[in-house]
Amino acid sequence: MVANIKTIINSSLNETRILPPLAYVTCVHALKEVKTENDSLQIHFADEEGDPYAVELAGRLNGYVVGNDSDFVVLNTDGYRGYIPIDEMVWQASSLNDEGTPGDNDDDFQVVLRPKANRKTHTEVKVGKGLIPPSDESLRLSVTVYSPITLADHFNLPVTLLPLLGAIVGNDFTTQMESNKRRTQSLLFERHLSVTQRIGHTAKVIRTVLTPNPNRRKGKHEVGSVMDLIERTVNVLLARFDSTLMGPGEIAQVVENIVEATLQYAIPKTGLEDSSLWPSQVCALHRPDACPFLPMLSRRLFHHLQDMDLEDEALLQVREKVIHAYRTGNFTPKNMDILSTSTCWPKIFLENPDVETVSRSIGQPIRQWVYSILDDAVGLPDPPAAPEKSDDGEESSQIQENEDKDESDQEELVDVVESESEDESTLFAPLRGEIDRLHPSEDEDTEPPASLSSHKLERTLAPVVTEYLRRGTRIAHEPLTVRPLKELLASIDLSHYNDENAPALLLRPKTERLEVMLRLLKSNTPSVRSLPPHKLAPVLVVRWVTHVLHARALQHEGNKAREQEVWTATEARCLLAAFSIGPNEGEAIADLGFPELVDRNIQIMAQVLAASEAIEQLSQALLLEDRVPIPTYAFSGKQFHKLLNEAGGATILGVDDMWGAVEEEPTAPLKQELPKKTRKNKKASGPTSPQRGGNAAKRPTQGFYALLGADMS
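Cut-off values and rules
- For every chain, the first residue of its written sequence is number 1, and the numbers climb from 1 along that sequence.
- This being a predicted model, a pLDDT of at least 70 is required before a residue's local features are given, and a value of 80 or more before pairs of side-chain atoms are given or counted; all residues contribute to the totals for chains, interfaces and linings.
- Heavy atoms from the whole structure form the basis of all side-chain values; hydrogens and water molecules are not counted.
- Think of it this way: a Phe, Tyr or Trp ring, Trp meaning its six-membered ring, pairs with another when their centres are within 6.5 Å, and the plane angle makes it stacked under 30 degrees, edge-to-face over 60, tilted otherwise.
- Going along the chain from the N terminus, every DSSP run of H or I of four or more residues is numbered as a helix, and every run of E of two or more is numbered as a strand.
- Remark: exposure states derive from per-residue accessible area (1.4 Å probe, protein chains only) relative to the maximum for the residue type, with buried under 20%, exposed over 50%, and partly exposed in between.
- Consider the ring centre and the ring normal. A charge sits over the ring if Lys NZ or Arg CZ is within 6 Å of that centre and within 35 degrees of that normal.
- Criterion used throughout: strands pair if DSSP finds at least two bridges between them.
- Should any heavy atoms of two residues lie within 4.5 Å, those residues are considered in contact.
- To get an axis, a line is fitted to the C-alpha atoms, and for a helix only the part in contact is used. The angle between two axes follows their N-to-C directions and goes from 0 to 180 degrees.

Student: Is there a simple way to explain the packing of aromatic side chains in this structure?
Tutor: In this structure the tally under the stated criterion is seven aromatic pairs. Summarising the aromatic geometry, the rings of Phe293 and Tyr326 are spaced 5.0 Å apart at their centres and angled 25° between planes, so their arrangement reads as stacked. Here the residue Phe293 occupies a position in the loop between α12 (248-263) and α13 (299-308), and Tyr326 occupies one in helix α14 (residues 313-327), the gap between them amounting to 33 residues. Assessed through its relative accessible area of 0%, Phe293 is described here as buried. Judged by relative accessible area, Tyr326 falls into the buried class, the value being 7%. Through a chain of ring-to-ring contacts, three or more aromatic side chains come together here, namely Phe45, Phe293 and Tyr326. Here the guanidinium or amino end of Arg573 rests over the ring plane of Trp659, the centre of that ring lying 5.4 Å away.

Next comes the structure, spelled out in structure tokens:
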């Protein structure tokens, strides 16, 4: 295991891996299809961060975690048996000259073995790697298991300090916290050290800090807490700097970053009564009072309970529906991000960086409806309150915050070490703060989180969702104020949904929720409503994108760039055909090779993906996943580009019913097809002048993405 540490580090920290668009939706659909055929498969959806949840689930089941993330070597809990990298799963098949092994015969004959030089040995033929087995029969799977206990023994550290080791060396969370000026790891380590050397060096420093020096006074040098351990370890690692180069504030910031990164590995301690799965219908691992998932869906409920001193049955029913949708994979994690952090991170698609991102022009109007629906259903986090001005002109709230911070600096210690040893538990007792939330005392009353129970029913400020969108070649945040749902419903002529005794939107019949969706997408027509579920989303994508592009062209009348964005009828039919791939056509499409890359076609694909992502969020926010699913499993981007390049509208078959729904009024007009210009051969009337520039005039005009095409060939 120790010999392969470098291998797992290099393979798991590969920054060039990018999941393709729509991969998550397609994966969930594939897992559900397998589950319908195999009852032994169970699908779980994590409360928050997936890594700790997966390890805690594996601990309950006394099993392993299979993945491509080295964090699974650091995370640990009771019952967890270790991490299996997907890249090191090898499928082998027995060779045909296998003659069996001694001892297989049950008769009285003695097996005589020939000398090694002449013996036919049992061989294994490697036939594949990864999670999915090849089609061969009689396969044997070889895996590599990385155990946190074995890793801790190798470094001679308590297993509970592995999270601290990972935080100092650097994990995903420390990368997100780092500023553009100075990286934490660049301060702690010499530049020439490899990742493996950094791990060994950090483990050595932690051991040195932990081991008391018998030649010095015990009280002065004994480590009293994990916070003390972190501070001393950081100071040792920073000792190579001159003391004048880093001030106490900068060192304190490094320590704070390490503490925050360590907290990401925290897994709640499980009692004997919680050792089984599904202690309640809310969560497979946690009781309702300890589940971090439940408070995110209970804001409106807590507000009403505080104001009226009773629970609202309608809000309870809405929350139950949302919980069930998420646990069954019908509520996208992007919507949970909105409920958890008031942020939204739309997928960044391949598009022209010189134009406005499609995530704003195509997706944002739909997502604004999503925010209002979620806020009306379960409540979004409240925006931070504006600081109050005191009589002397200073911000009193800031003063109070600083005072509270000074007090918390003396008390807030976070316990990241759990050990059965009495000495270790005494040594690493404090780091209280955030982890105390994960280990509540049995004598203390469990109350709603302060962020939920301290609000009034009526908001003084509207909630705000921050979107992170591409702006040029960088990612920029864009705050959006969430409009009340009643205003949006009134804008689509559904004011009666806001009557005093009207039911909540998510408690209305499915047909009424579908009407809301079709109205806001400009597609509330009989032909659209009559489409089967797997054909509805492609039509909605076409109608919405063409509506947005046509509206932009009208708004900027005379702007040729906006006019050229409008789709043609052939392009719309090509998209519908790309959503109609049968189950037996996948291999044939895979053999097509890579199509020619055309700038316009790539931009169209980005528009389609942005609309599909936003419509999926809307469908699942309205709990319409079974009525308006996104059939990504039947979509082929390669086929879409191929059809666009051929531009043969007459050859596109099998989409007449969807095309009829696209054309039904009201619909945005599509751009007329322009006949291709053909060059006429001019007769030479005299000697032709030589072309300038040598072969430069013969080179074809290359598009913006021509380099990608060159890489694919």
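Student: Would you mind showing me how to read the pairing of strand β1 (residues 64-67) here?
Tutor: Looking along a regular strand, one sees the side chains alternate between the two faces of the sheet. Taking every second residue as pointing to the same face, the buried face of β1 carries Val65 and Gly67, while none of Tyr64 and Val66 on the other face is buried. Of the strand pairs in this sheet, β1 and strand β2 (residues 82-85) are connected by four bridges, and their pairing is parallel. Note that in β2 the partner of Tyr64 across the bridge is Gly82.

Student: Quick question: what am I supposed to make of the sheet that holds strand β6 (residues 343-344) here?
Tutor: Sheet strands associate in pairs through backbone hydrogen bonding, adopting either a parallel or an antiparallel arrangement. Strand order in the open sheet formed by three strands is β6-β7-β8, and the pairing between neighbours is mixed. Unpaired on one side and paired on the other, β6 and β8 (474-481) mark the two borders of the sheet. Where strand β7 (residues 464-471) meets β8, eight bridges bridge the pair, whose relative direction is antiparallel. By the bridge assignment, Tyr468 is partnered in β8 with His477. Where helix α16 (residues 358-377) meets the sheet, it contacts β6, β7 and β8, and its direction lies at approximately 165° from that of β7.

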